[in-house]
Amino acid sequence: MSELISSRVDAGVGHIELNRPRVINSLNLEMLQAITELIVAWQTDDEVRAVELTGVGDRGFSAGADVKELAALLAAGDDWLVFLRTEYELNAMVRHSVKPVTSLMHGVTMGGGLGLASSAARRIVTHSTYMAMPETKIGLFPDAGMMFHLARAGTVGTHVALTSAPFSGGDALRMDIADESADGPLPAPLMDAAGDWIDECYASDDPSEIIQALERHSHPDAHTAARELRARSPFSVHVALRALRQAASLDIDEVLRQDLHVAERMVPIDFAEGVRALLIDKDNTPEWRHASIEDVPVALVDDVFVV
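The shown structure was predicted, so the numbers you read here are calculated from the model rather than taken from an experiment. Every residue gets a number counted from 1 within its own chain, in the order that chain's sequence is written. Under the rules for a predicted model, residues below a pLDDT of 70 receive no local features and side-chain atom pairs below 80 are neither given nor counted, while totals for whole chains, interfaces and linings still include all residues. Each side-chain value is worked out from all heavy atoms of the structure, with water and hydrogens disregarded.

Draft legend 1. Summary view of the pairing of strand β3 (residues 50-55). With 5 of its 6 residues buried, β3 lies for the most part within the structure. Summarising the sheet, strand β2 (residues 13-18) and β3 pair through 6 bridges and their orientation is parallel. Counted as the bridge partner of Ile16 is Leu53 from β3. Crossover β2 to β3 through helix α1 (residues 29-43) is right-handed. Classification of residues uses two cut-offs on accessible area relative to the type maximum, computed with a 1.4 Å probe and protein chains only: under 20% is buried, over 50% is exposed, and between them is partly exposed. The helix and strand labels rest on DSSP assignments: H or I over at least four residues marks a helix, E over at least two residues marks a strand, and numbering proceeds from the N terminus. One requirement defines pairing of two strands: DSSP has to find at least two bridges between them. When the strands point away from the viewer, a crossover counts as right-handed if the path from the first strand over the helix to the second runs clockwise.

Draft legend 2. Expanded view of the sheet that holds strand β5 (residues 108-110). Sheet architecture is open: 3 strands sit in the order β5-β7-β8, paired in mixed fashion. The sheet is open, and its two edges are formed by β5 and β8 (167-168), each paired on a single side. Taken together, the 2 bridges between strand β7 (residues 130-132) and β8 define a ladder with antiparallel strand orientation. Across the sheet, Tyr130 pairs through a bridge with Ser168, a residue of β8.

Draft legend 3. Geometry of the sheet that holds strand β1 (residues 5-10). As summarised here, the arrangement of the 6 strands in space is β1-β2-β3-β4-β6-β9, forming an open sheet in which the pairing is mixed. Since the sheet does not close on itself, it has two edges, and those belong to β1 and β9 (180-181), each with one partner. Of the strand pairs in this sheet, β1 and β2 are connected by 6 bridges, and their pairing is antiparallel. Of the residues in β2, the one forming a bridge with Asp10 is Val13.

Draft legend 4. Structural context of helix α3 (residues 81-95). The span one expects for a helix is its residue count, reduced by one, times 1.5 Å. Taking 1.5 Å per residue as the helical rise, α3 with its 15 residues ought to reach 21 Å, and the 21 Å between its terminal C-alpha atoms agrees with that figure. Within α3, burial applies to Leu81, Phe83, Leu84, Thr86, Glu87, Tyr88, Leu90, Asn91, Ala92 and Val94.

Draft legend 5. Quick look at the packing of helix α6 (residues 154-163) against helix α8 (residues 189-201). Helix axes are fitted to C-alpha atoms over the stretch in contact, other axes to C-alpha atoms as well, and angles between N-to-C directions run from 0 to 180 degrees. The N-to-C vectors of α6 and α8 enclose an angle of 90°; their axes lie 9 Å apart at closest approach. In terms of orientation, α6 and α8 fall into the roughly perpendicular class. Here Thr155, Val156, His159 and Val160 of α6 come into contact with α8, specifically with Leu190, Met191, Ala194, Trp197, Ile198 and Asp199. Any residue outside Ala, Val, Leu, Ile, Met, Phe, Trp, Tyr, Cys, Pro, Asp, Glu, Lys and Arg is labelled polar, Gly included; the first ten of those are nonpolar and the last four are charged. When grouped by side-chain class, the residues that make up the contact of α6 with α8 number 7 nonpolar, 2 polar and 1 charged. Here roughly perpendicular refers to angles of 65 to 115 degrees, roughly parallel to angles under 35, roughly antiparallel to angles over 145, and oblique to all remaining angles. Note on definitions: a residue-residue contact is assigned when non-hydrogen atoms from the two residues lie within 4.5 Å.

Structural data, given as structure tokens:
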């Protein structure tokens, strides 16, 4: 068992604690495999009647998948897809576990960490919960099954998927990404803002129309969102919106299968450069494959989704 995972069975509850606090419990392949082994073993263990997922440290449950490790696998020519396949299969396993899983999403809960936690049957948030799907910042798309939830969260879900905008535990409750609060009523500022400008700007299925609507709108938050969207990988924005729209008619298992297919096609485009700029060199000046959202060929996006 990995030292990056702590586990115990106490009074019929199997506890899994992510134990990599220096990087806010970012999930590497070793951790994903260790959690998988525990979930599998406990399915048939009569001493375990429920499972609880938590994370060590005050900073958060998990900042997401260890994308630097994924980028290193890609650069080395190794089988990088095994990382994502393991991650997505674990998400499905948690969702379908015969022993009900509870996740405590305190502090930073993002990306693959949010995908794992949101797969639980009971999802608890707190006043400190700080969520986001930041994948378009690094040339990826919101994955780990999260498109299922974002596609059902209306225009706010579209805003989150495309811009990587953060949201609160209160927002998560109203977006059906969480079930209960450990701290009583929580504010939902992003959901409350929907009627001000989000509903109007994110109705289109065309990323070019969305960015133009944001730039034309009179609300200052729309202009901020437009600047954020301009900074994202243009290709990722296009792929994310297409994947989001398709997820609206898929069940969660179908979304996870779509995630793996899309990732296999799109990761070689902008992902390595996004990780370099944001997390390795930290110069925040990525050289994306396309200069702007308007420059991305629709045919290239179509190719990603060809089965």
